[in-house]
Structures are given as structure tokens and as C-alpha cells.
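# Reading the structure
Now for the letters of each chain:
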Amino acid sequence: MNPLPEQWRMIVPAALGALAVWMLLPRDGKRRWVLGSLCGLVALVGVLSTVRPVIDDWAMDGLFYLFGGGAVLSGVMMITDRNPIYAALWFALVTLSTCGLFLLNAAPFLSAATIVVYAGAIVVTFVFVIMLAQQAGAATYDRRAFQPMLATCAGFLLLGAILYTIDASGRGGEDARPQFLPRVQIAEVTPNPLSQPRILNEETGETDLGSLSSIGRSLFGDYLFAVELAGTVLLIATIGAIALAPRRAQGHL
Amino acid sequence: MISALESQLAIGAILFTLGAIGFLTRRNLILMMLSGEMMLHGVSINLTAFGRYHNNAAGQSFTVFVLTVAACEAGLALAVILTLYQRRKSLDVELWSNLGEADLTREVEPAFPAAPPPHEYPRLTPAGAMPKPQAPTVTAKTTT
């Protein structure tokens with residue numbers, strides 16, 4: 001078993017990150033943003049040096065650092081920015097970095113779909129709503145965070161627990177995995193051969209995972225019922241949004 | 001040794017946590033909604049990383065469903081936010097913290113003092129330069 005102090009490689013960056021986020025959250029008066037940014041950068045470098053990818057391909061590693069670090073930095077900037085318009089734009093950057101990680105995970109179709117749905121629809125719509133509803137100048141509710149200390153402590157306790165589990169299951173190999181519960185023997189299920197990714201190249205083991213035909217075979221083979229349900233959910237959500245939306249006759253927005 | 005899977009899981013966990021903190025601390029309705037979307041991003045990274053790890057398209061299919069639910073959620077949240085804004089003319093979520101009866105006592109007192117009322121300028125014929133507002137006050141909402 002690992003005592004707690006031996007886990008300093010995960011605990012110290014988590015604590016520094018919590019300190020950084022707590023310092024950077026909007027509040028009355030001046031924020032110590034220089035100290036907070038330094039703490040955050042040290043924490044990010046610490047985490048990324050601990051969980052560095054071992055792909056032995058400097059291009060893939062560099063792209064992972066670029067997209068992963070970009071996603072985390074943009075996320076911190078999004079939740080700490082006082083201006084909601086800038087926060088929405090930082091969220092668009094988070095989405096772009098996430099799409100880069102999707103590309104690294106062999107999911108080009110998902111990457112494109114996420115850009116279309118999020119950056120093309122959600123962010124633009126919400127920026128318009130912010131511009132419609134924004135009062136002149138920065139509103140007071142954007143300048144004061146609600147219970148920053150409690151929320152930061154809770155969030156980073158959760159993050160520390162997750163990182164501890166990832167680290168513990170990744171370090172010890174096969175022996176360290178059943179740390180908390182004995183491994184349950186799962187019944188062997190033979191996968192549907194139609195929905196498995198097809199092997200394109202026998203020598204390199206390259207498959208068509210992530211291509212449109214692979215996702216389509218999985219969606220309409222294994223998850224056909226779920227696809228129908230998702231379509232129904234979309235229809236119901238559309239009807240609900242139309243029913244809930246304010247009428248212009250009762251007063252324009 | 002930590003392989004490529006765990007690094008992706010760590011990024012997903014960090015994004016999820018940041019989204020949770022944003023959801024808990026921000027008081028703007030729209031930013032709370034966007035923080036929830038960031039939590040969904042973290043989950044999606046986890047799903048595609050596991051799909052890549054097991055060489056299986058199921059993770060990407062789940063991510064498609066996550067996208068579907070996110071789109072539905074965005075549409076519904078937009079309608080609800082617009083309705084709430086129409087009622088109170090503000091995006092502050094604190095205004096909606098007391099949904100019960102008006103004569104019931106609140107168990108949790110607000111942690112910070114109430115915001116000062118916005119400074120109202122007298123409505124005169126505009127002439128000359130606009131006076132500079134004091135630092136802590138909020139300028140009145142400009143109509144037309």
C-alpha cells in the first residue's frame with residue numbers, strides 16, 4: 001500500500017493547482033494573479049511531467065502537451081475570467097483543444113462533429129445571449145465568486161482522489177490493480193464482429209477505428225436502439241425549448 | 001509505468017474538476033451552463049481514450065450520445081435562461097436561491113453582503129460629456 005506522503009508527485013501539484021484557482025477566482029479588490037499564475041503553471045508542469053505519455057514519438061507527445069496544456073489553461077482562464085464574453089471565448093478554446101485530443105485518440109469524425117456542435121452552435125448562441133442580456137459594465141455577480149474556498153477545496157479533493165487512483169493503477173502493473181476490491185470475474189462476451197474496427201494493414205496493426213464507417217457500424221449495429229432514443233430525446237428537447245421560450249408578445253427580451 | 005492512456009485520463013479528470021469548480025463558484029447562469037459543458041468535455045476525452053486503448057468503436061459511439069445530450073441540454077438551458085432573465089432582468093443565479101414560499105425562513109444565509117443598488121442617474125437631456133461613474137457602483141442600464 002502507498003502511504004499518503006509517498007504520493008507527493010500527485011498531491012503537491014493538486015494543492016498548488018487548488019491554490020492557483022482559489023487566488024484567481026474573481027473577488028472584490030485585487031487578485032494576486034501573478035502568484036496564482038505561477039502556482040498554476042508549476043502545478044500543470046508537475047502533473048504533465050508525472051503522467052507524461054510514453055508513445056516514443058516526439059510529434060505525438062508534443063501535440064499531446066500542446067492540446068492537453070491548452071485545454072487545462074483555457075479551462076482555468078474560463079472559470080476565472082470576469083467578463084462573460086471572454087469566458088465564452090475561452091470555452092471555445094477548450095473545445096478546440098479537446099478536439100485536438102480527439103484527433104490524437106483516432107477520432108477525426110468526432111473532432112469535426114464537436115467543433116460543429118460546440119464552436120459552431122453552442123458558443124455562438126451563448127455569446128449572442130450574453131450580449132443581449134449583459135448590462136453595461138461588469139455586473140456584480142460576475143465580479144464575486146460564490147464560496148470560492150469551499151468549491152476549490154471540494155473540487156481538488158475530488159481531483160486528488162482521481163489522480164491518486166490513476167497513478168496507483170498505472171504504476172504497479174497487474175499486481176497493484178485490485179487495491180480496494182477483489183477483481184470480479186466478468187463473463188466473457190464475444191463482441192459482434194460487424195461492429196469491430198476492421199484491420200487495414202496486417203503488419204502495422206492499423207485499423208479503421210474512428211473512421212465514419214467504423215462509427216456507423218458501431219452506432220447502427222450495436223446501439224441502434226440507443227440511436228433511436230437519442231433522436232427521440234432531440235425531438236422532445238426541441239418541443240420543450242419551443243414551449244419554454246419566452247414569447248415576444250409578452251415583452252421582448 | 002504510465003502509458004498514454006493515463007495521461008489522457010488525467011487531462012479528462014482536470015477538465016471535469018475545473019468544470020465542477022466553475023459550476024459551483026460562478027454566479028452567471030450562462031457561465032454555469034458552459035462549465036457543465038466543460039465537464040462533458042472531460043468525460044468525452046475519457047471515453048475516446050478508452051476506445052483507443054481497447055481498439056473499439058464503442059467509446060466513440062458513447063461520445064456521439066454525449067454530444068446529443070449536450071445539444072439538447074444547451075437548447076433547453078437557453079430557453080430556461082431566457083425565461084429567467086425575462087422575469088428578473090438579470091443573469092444572477094442568487095436571485096433564484098429562494099424558490100420556496102415567501103414567508104418561510106431561509107436556513108442558509110447568504111455568505112456575502114447584498115450588492116449595492118445600481119446608481120441611477122437623473123434622466124436629463126444629454127448635453128456635454130457623460131459623467132464618470134464611481135468605481136464600485138454599476139452604471140445604469142442604457143436603453144435605446
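Below is a short write-up of the structure. Bear in mind that the values here come from a model prediction, so they are computed numbers and not experimental data.

Once that is clear, we can look at the interface of chain B and chain A. Facing the 75 residues of chain B at the interface are 97 residues of chain A. Both sides together, the interface formed by chain B and chain A hides about 7600 Å², and carbon and sulfur atoms give 73% of it. Taken together, the links from chain B to chain A amount to 11 residue pairs in polar contact (both at pLDDT 80 or more). Taken together, the elements giving at least two residues each to the side of chain B that touches chain A come down to α1 (4-25), α2 (29-54) and α3 (58-88) of chain B. Counting residues per element, the side of chain B that touches chain A draws most heavily on α3 of chain B, at 22 residues.

Attention now moves to helix α5 (residues 108-133) of chain A. Relative to the 38 Å expected for 26 residues at 1.5 Å per residue, α5 of chain A spans 36 Å between its end C-alpha atoms, a close match to the ideal helical length. Its axis deflected by about 25 degrees at V123 of chain A, α5 of chain A carries its strongest bend there. By the burial criterion, the buried members of α5 of chain A are L110, S111, A113, T114, Y118, I122, V123, F126, V127, V129, I130 and A133 of chain A. Residues of α5 of chain A that are buried make contact with α4 (84-104) of chain A together with α2 and α3 of chain B.

Time to look at the environment of A58 of chain B. Counting through the fold element by element, A58 of chain B comes out in helix α3. Along the primary structure A58 of chain B and L47 of chain B are separated by 11 residues, whereas in three dimensions their C-alpha atoms are 8.6 Å apart. Ignoring anything within four residues of it in the chain, the contact list for A58 of chain B reads S218 and Y223 of chain A.

Okay, the packing of aromatic side chains next. Scanning all chains against the criterion turns up 4 aromatic pairs over all chains. On the basis of an interplanar angle of 80 degrees and a centroid distance of 6.3 Å, the ring pair of Y223 of chain A and F65 of chain B is categorised as edge-to-face. Note that Y223 of chain A is positioned in the loop between α8 (212-221) and α9 (224-244) and F65 of chain B in helix α3, a pairing that runs across two chains. One aromatic cluster is present, built from ring pairs that chain together Y223 of chain A together with F62 and F65 of chain B. If you follow R27 of chain A out to its NZ or CZ, it ends over the ring of W22 of chain A, 5.0 Å from the centre.

The subject of this paragraph is unusual backbone geometry. Residues and elements named next belong to chain B. The phi dihedral of N55 is positive, around 55 degrees, even though this residue is not glycine. Along the polypeptide, N55 turns up in the loop between α2 and α3. With relative accessibility at 31%, the residue N55 sits in the partly exposed group.

Take the environment of C99 of chain A next. Residue and element names in this part refer to chain A. Inspection of the secondary structure assignment puts C99 in helix α4. Measuring from C-alpha to C-alpha, the distance between C99 and A113 comes to 9.1 Å, with 14 residues separating the pair along the chain. Apart from residues lying up to four places away in sequence, C99 is in contact with S111, T114 and I115.

Parameters and conventions
Residues numbered from 1 in each chain as written. Chains lettered and ligands numbered in written order. Predicted model: local features only at pLDDT ≥ 70, side-chain atom pairs only at ≥ 80, totals over all residues. Heavy atoms only, no water. Contact = heavy atoms within 4.5 Å. Buried area = accessible area lost by both parts, 1.4 Å probe. Polar contact = N/O pair within 3.5 Å; in protein donor to acceptor, adjacent residues only side chain to side chain. Helix = DSSP H or I, 4+ residues; strand = E, 2+ residues; numbered from the N terminus. Expected span 1.5 Å × (residues − 1). Bend = angle between axes of the 7 residues up to and from the residue. Buried < 20%, exposed > 50% of the residue type's maximum accessible area, 1.4 Å probe, protein only. Phe/Tyr/Trp six-rings, centres within 6.5 Å; stacked < 30°, edge-to-face > 60°. Lys NZ or Arg CZ within 6 Å of the ring centre and 35° of its normal.

These figures capture arrangement, not role.
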